[in-house]
Amino acid sequence: VHIDGNWSEQLAAHRRLNLIVYLNPKWKPEWGGDLIFYDDSAKNPVQRIEPKAGRVVIFETHDFTYHGYPDPIECPLDEARTSIILYYYTSAA
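Calculation notes
Residues numbered from 1 in each chain as written. Predicted model: local features only at pLDDT ≥ 70, side-chain atom pairs only at ≥ 80, totals over all residues. Heavy atoms only, no water. 1 Å grid on protein atoms, 1.4 Å probe; cavity = no way out; pocket = protein on both sides within 12 Å on 5 of 7 lines; lining within 4 Å. Points joined across faces, edges and corners; volume = space filled by probe spheres on them. Helix = DSSP H or I, 4+ residues; strand = E, 2+ residues; numbered from the N terminus. Nonpolar A, V, L, I, M, F, W, Y, C, P; charged D, E, K, R; others polar. Phe/Tyr/Trp six-rings, centres within 6.5 Å; stacked < 30°, edge-to-face > 60°. Buried < 20%, exposed > 50% of the residue type's maximum accessible area, 1.4 Å probe, protein only. Lys NZ or Arg CZ within 6 Å of the ring centre and 35° of its normal. Salt bridge = Lys/Arg side-chain N within 4 Å of Asp/Glu carboxyl O. Polar contact = N/O pair within 3.5 Å; in protein donor to acceptor, adjacent residues only side chain to side chain.

## Section: the layout of surface pockets
- Of the pockets and cavities examined, the largest pocket occupies roughly 170 Å³.
- Along its surface, the largest pocket is lined by 15 residues, and H2, I20, L35, H67 and I85 are the ones closest to its centre.
- Counting residues per element, the ones that place at least two in the lining of the largest pocket are β2 (13-22), β6 (67-68) and β7 (83-91).
- For the lining of the largest pocket, the element with the highest residue contribution is β2, accounting for four residues.
- Split by residue class, the lining of the largest pocket holds seven nonpolar, five polar and three charged.

## Side note on the packing of aromatic side chains
- Per the stated rule, a full pass over the model turns up three aromatic pairs.
- Plain terms: the ring middles of W27 and W31 are 5.1 Å apart, the flat faces sit at 90 degrees to each other, and that makes the pair edge-to-face.
- Exposure remark for W31: the relative accessible area of 11% places this residue in the buried category.
- Sitting above the plane of the Y87 ring, R15 keeps its charged end 3.7 Å from the centroid.
- Above the face of the Y69 ring, R81 is positioned so that its terminal group lies 4.1 Å from the ring centre.

## Some points on the pattern of salt bridges
- Under the criterion given, the structure shown has two salt bridges.
- Linking R15 and D4 is a salt bridge whose minimum nitrogen-to-oxygen distance equals 3.4 Å. On the criterion of sequence distance, the pair formed by R15 in strand β2 and D4 in the segment before β1 (7-8) is long-range, its members being 11 residues apart. Assigned by exposure class, R15 and D4 land together as buried.
- Here R48 makes a salt bridge to D34, at a shortest N to O gap of 3.6 Å. In this pair, R48 is assigned in strand β4 (residues 45-49) and D34 in the loop between β2 and β3 (35-38), connecting sequence segments 14 residues apart.
- The buried category is assigned to D34, whose relative accessible area is 16%.

## Describing the environment of N44
- Within the fold, N44 resides in the loop between β3 and β4.
- As for N44 and R81, which are separated by 37 residues in sequence, their C-alpha atoms are 24 Å apart.
- A polar side-chain atom of N44 sits 2.7 Å from a polar atom in the side chain of D39.

So, in structure tokens, the structure goes:
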């Protein structure tokens, strides 16, 4: 469980949004890998999202956007939880 850094020194900009597109067409729920969002204490799950192929998740990034997939993923060795992740930044000015 973690929060993403929301400041880029290189860009001098704040990361505001994350967009994830899942790409794993053969994924099975029993393999785990759900994206889980937590409350501000980072202890209590509030939302669980299965990584279904084609699913798009967009969420705000700030100092209390705790998320992750803390349980081990248990997929076969020839499978992977794959995604494309994009970030939206805004200028510091």
